[in-house]
Amino acid sequence: QTAVRVVALGSVVAVTRHLQPDQFGRYSTAAACVLFANFLADFGTSPAITRLSSRSPGEADRLLSGTLLSSLLLGLIVYAGVVAAAIALYPPLVTMDVALAALAVPAAAVVSSLLGALDGEGLIARRAVVTAVQGLIVAGGMVPVFLGAGVRAPIVAIAIAPWVGLVLAWRMARRAGFWKSPLRFDWTRTKALLRTAVPFGLSGGLTAITLRFDVILLSVLRPGGETASYDLAVRVIEAGTYLSSAICGPLLFILSGRIGREDREGASRAFSEAIRVMYLLGLPVSVTLAVLARPLVTLAFGPGFEDAATPLAVMGAAQWLAFVIMAQGALVMAGNAVGRGIVVGAMIALVTVVFDLLLVPPFGAVGAALATAVAWTFGAIALHHFHRRTHGIRTSLPRPAPLAAAAGMGLVMFLSRDAPLVVPVVLGLLTYVVCLRATGAVSGADVRRIRSVLARRAA
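For the structure given in this document, a descriptive report is provided here. (Residues numbered from 1 in each chain as written. Predicted model: local features only at pLDDT ≥ 70, side-chain atom pairs only at ≥ 80, totals over all residues. Heavy atoms only, no water.)

### Some points on the overall build of the protein
Phase 1 of the analysis: Assigned secondary structure in the protein consists of 19 helices and zero strands.
Phase 2 of the analysis: Computed over C-alpha atoms, the radius of gyration of the protein comes to 22 Å, within 12% of the 23 Å expected from 2.2 N^0.38 for 459 residues, which places it in the range of a compact globule.
Phase 3 of the analysis: With the C-alpha coordinates of the protein rotated into their principal frame, the extents come out at 65 × 55 × 45 Å.
Phase 4 of the analysis: Burial status across the protein gives 49% buried among its 459 residues.
Phase 5 of the analysis: Long-range pairs, those at least 24 residues apart, make up 81% of the contacts in the protein between residues at least 6 apart in sequence. (Helix = DSSP H or I, 4+ residues; strand = E, 2+ residues; numbered from the N terminus. Rg over C-alpha atoms; globule rule 2.2 N^0.38 Å. Buried < 20%, exposed > 50% of the residue type's maximum accessible area, 1.4 Å probe, protein only. Contact = heavy atoms within 4.5 Å.)

Laid out in C-alpha cells, this is it:
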C-alpha cells in the first residue's frame, strides 16, 4: 500500500509539468466528487460486513449473495445524485468530467462489500492486492498525459479502476470458497446489514466531509487553477499523515483487547505511548512543511502551482494535530462508546464546514487551509475531553524536549532555506535527531527496542 501511494503521488507530481492549473483543477474537482460519493455509496457496509463475517462462519456467503444487488442499486442512486449536483453547480465541461469519473461509484459500492468480506475472512493480503491494483490504474491514467493527451484520460482512469477491482475481488471471493450462493435481493438481510452499518456509515460520511468538502467548495467558488493548487497541497498533507497508519493499525488492536478485558490502566499506557510516538513523527513533518513549503512546491509541481505553497505551509504547521487525532480516533473505535464518539466526529465535521463557509469565499485556498487547521485544533481538544470523560484516558501535551528539538530543526531549516533543498532537509533532520537523543526525548531503551523489533523482522 505504501508503494502504491508513492507511485500515485509521484504520478501527480510528474503530471503537473504537463497540465495547466485550470486543467488539473478539472481533475481535482472530479476526483473530489467521486471520493465523496464513494463514502456515501458504501455507507459503512464494508466495515459492517467485516465485523459480521468475522464473527459468524458462513455469514459472508449470506451477506454477499443477499446484499450486493442492493449495494449496486445504492451506487446507481448516488451516481445519479452526483451528476445532478454537477449539472447544477458546474459548467458543461466540468459536468462531463464529473459524470465520467463518477461511473466508478456503482462499482465501488459493490467492490467495497467484497473487500469487507475478504477482510472478515482473514484474507487481508488478497484485499490489499485489489486496492493496490485500483490505485495503480488511477496512477497509470496519468501516462497518456505525458504522451500529449488531455486531462480526460486520468479522469476516465478514475472510472475504470473500481470495475477492474470488482472483477478481481469477485474472482478472489469465489475461489476462496466463502461465497458460493447466487445473487438475489434479500431485503431482510439488507436491512440488518444497514442497521449494523449506520454508525460506520455516519463515520464515513463525516470523514468525507472533512476530507473533501473544502475542495468541492473551492471548485464551485474559485477558478480551476486555485482548486488545483489547493488539492495538491491537500495531497501532500495526506501523504505525510499516512505515516501515522504504522501506529494506528496495531494501536486499534491493542486498545480493543485491553479495553475488552477492562484493563484501563494498560490501555492508558498504550495510548500514551502512541501519542508520544505521534508527536515524535508529526512535529518534524509539520516543521518541514511550514518552513520549506515554497521550495518543496516549486521542486515538486513547478512554478505553475506555486500558489499551493501558502495553504501547504498553513496546514503543515498544524499537521502534528492530525497525527494526534488519528490516534484518538483509534481509541474511539476500540472503545465501548462508538456512538457518542461519532457525535464528537459530527461536531468536528460541523466546525470544518462552518469555517470553510466563512473563510473560503473571502480568502480562497488560504481560507480553506485555515479552516482545516481550526478543525484539527478543535478536534484534538474535543476528543481529549471525550476520552477523559468516557475512558478516563487523557491525551498528553507534547513534552518540552521534542518541542525544543523541533524548534531547533526549524531554525536550522530557516537559516539554510536558500541552499538547495536537500541541504536544509538533511541538516534539519540531523538537528532533530541529535536534539532528541541529547535531551532524552528518545532514550537508549527506545533505541534498543527498535533494534530488537528490526532484528526479529530480519530473522
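There is more to say after this.
### Overview of the packing of aromatic side chains
Phase 1 of the analysis: If you walk through the whole model with that rule in mind, you get two aromatic pairs.
Phase 2 of the analysis: The ring centre of Trp179 lies 3.8 Å from the NZ or CZ of Arg174, which sits over that ring.
Phase 3 of the analysis: Positioned above the aromatic ring of Phe414 is the side chain of Arg417, whose terminal nitrogen or guanidinium carbon lies 3.9 Å from the ring centre. (Phe/Tyr/Trp six-rings, centres within 6.5 Å; stacked < 30°, edge-to-face > 60°. Lys NZ or Arg CZ within 6 Å of the ring centre and 35° of its normal.)

### Looking at the nonpolar core
Phase 1 of the analysis: Of all hydrophobic cores here, the largest spans 102 residues; its most connected members are Phe24, Tyr230, Leu255, Leu312, Met315, Trp376 and Tyr432.
Phase 2 of the analysis: It is helix H13 (residues 264-301) that contributes the most residues to this core, 17 residues altogether.
Phase 3 of the analysis: The next biggest cluster of nonpolar side chains, apart from the first, holds 20 residues, and it includes Ala60, Leu68, Leu123 and Ala173. (Core = buried A, V, L, I, M, F, W, Y, C linked by side-chain atoms within 4.5 Å.)

### Overview of the side chain of His384
Phase 1 of the analysis: If you trace the backbone, His384 turns up in helix H16 (residues 338-390).
Phase 2 of the analysis: Within the local environment of His384, its side chain forms a polar contact with the backbone nitrogen of Thr395, the two atoms lying 3.2 Å apart. (Polar contact = N/O pair within 3.5 Å; in protein donor to acceptor, adjacent residues only side chain to side chain.)

### Describing the environment of Val151
Phase 1 of the analysis: By the element assignment, Val151 lies in the loop between helix H8 (143-146) and helix H9 (152-176).
Phase 2 of the analysis: Of the residues examined, Val151 reaches a relative accessible area of 2% and is grouped as buried.
Phase 3 of the analysis: In sequence terms Val151 and Leu19 are 132 residues apart; their C-alpha atoms lie 7.5 Å from each other.

### Observations regarding the packing of helix H17 (residues 400-415) against helix H18 (residues 422-439)
Phase 1 of the analysis: For the pair H17 and H18, interaxial distance at closest approach is 8 Å and the crossing angle is 155°. The orientation of H17 with respect to H18, classified from their angle, is roughly antiparallel. Regarding H17 and H18, the two cross each other, and that crossing is right-handed. Contacts between H17 and H18 involve Ala401, Pro402, Ala405, Ala406, Gly408, Met409, Val412 and Met413 from the former and Pro424, Val425, Leu427, Gly428, Leu429, Thr431, Tyr432, Cys435, Leu436 and Thr439 from the latter.
Phase 2 of the analysis: A per-class count over the contact of H17 with H18 returns 14 nonpolar, four polar and no charged. (Axes fitted to C-alpha atoms, helices over the stretch in contact; angles between N-to-C directions. Parallel < 35°, antiparallel > 145°, perpendicular 65-115°, else oblique. Left-handed = near helix turned anticlockwise from the far one by under 90°. Nonpolar A, V, L, I, M, F, W, Y, C, P; charged D, E, K, R; others polar.)

### Overview of the packing of helix H2 (residues 21-42) against helix H5 (residues 92-101)
Phase 1 of the analysis: At a minimum axis distance of 9 Å, the contact between H2 and H5 shows a crossing angle of 45°. As far as their axial angle goes, H5 and H2 are oblique. Seen from above, H2 lies across H5 with right-handed handedness. Here H2 contributes Arg26, Thr29, Ala30, Cys33 and Val34 to the contact with H5, which in turn contributes Leu93, Val94, Asp97, Val98 and Ala101.
Phase 2 of the analysis: Of the residues in the contact of H2 with H5, the class split is seven nonpolar, one polar and two charged.

### Things to note about helix H14 (residues 309-317)
Phase 1 of the analysis: Regarding H14, the residues found buried are Ala309, Pro311, Leu312, Ala313, Met315 and Gly316.
Phase 2 of the analysis: Looking at the buried side of H14, the elements it contacts are helix H11 (224-241), H13, helix H15 (319-334) and H16.

Any functional reading would require information beyond the geometric quantities listed.
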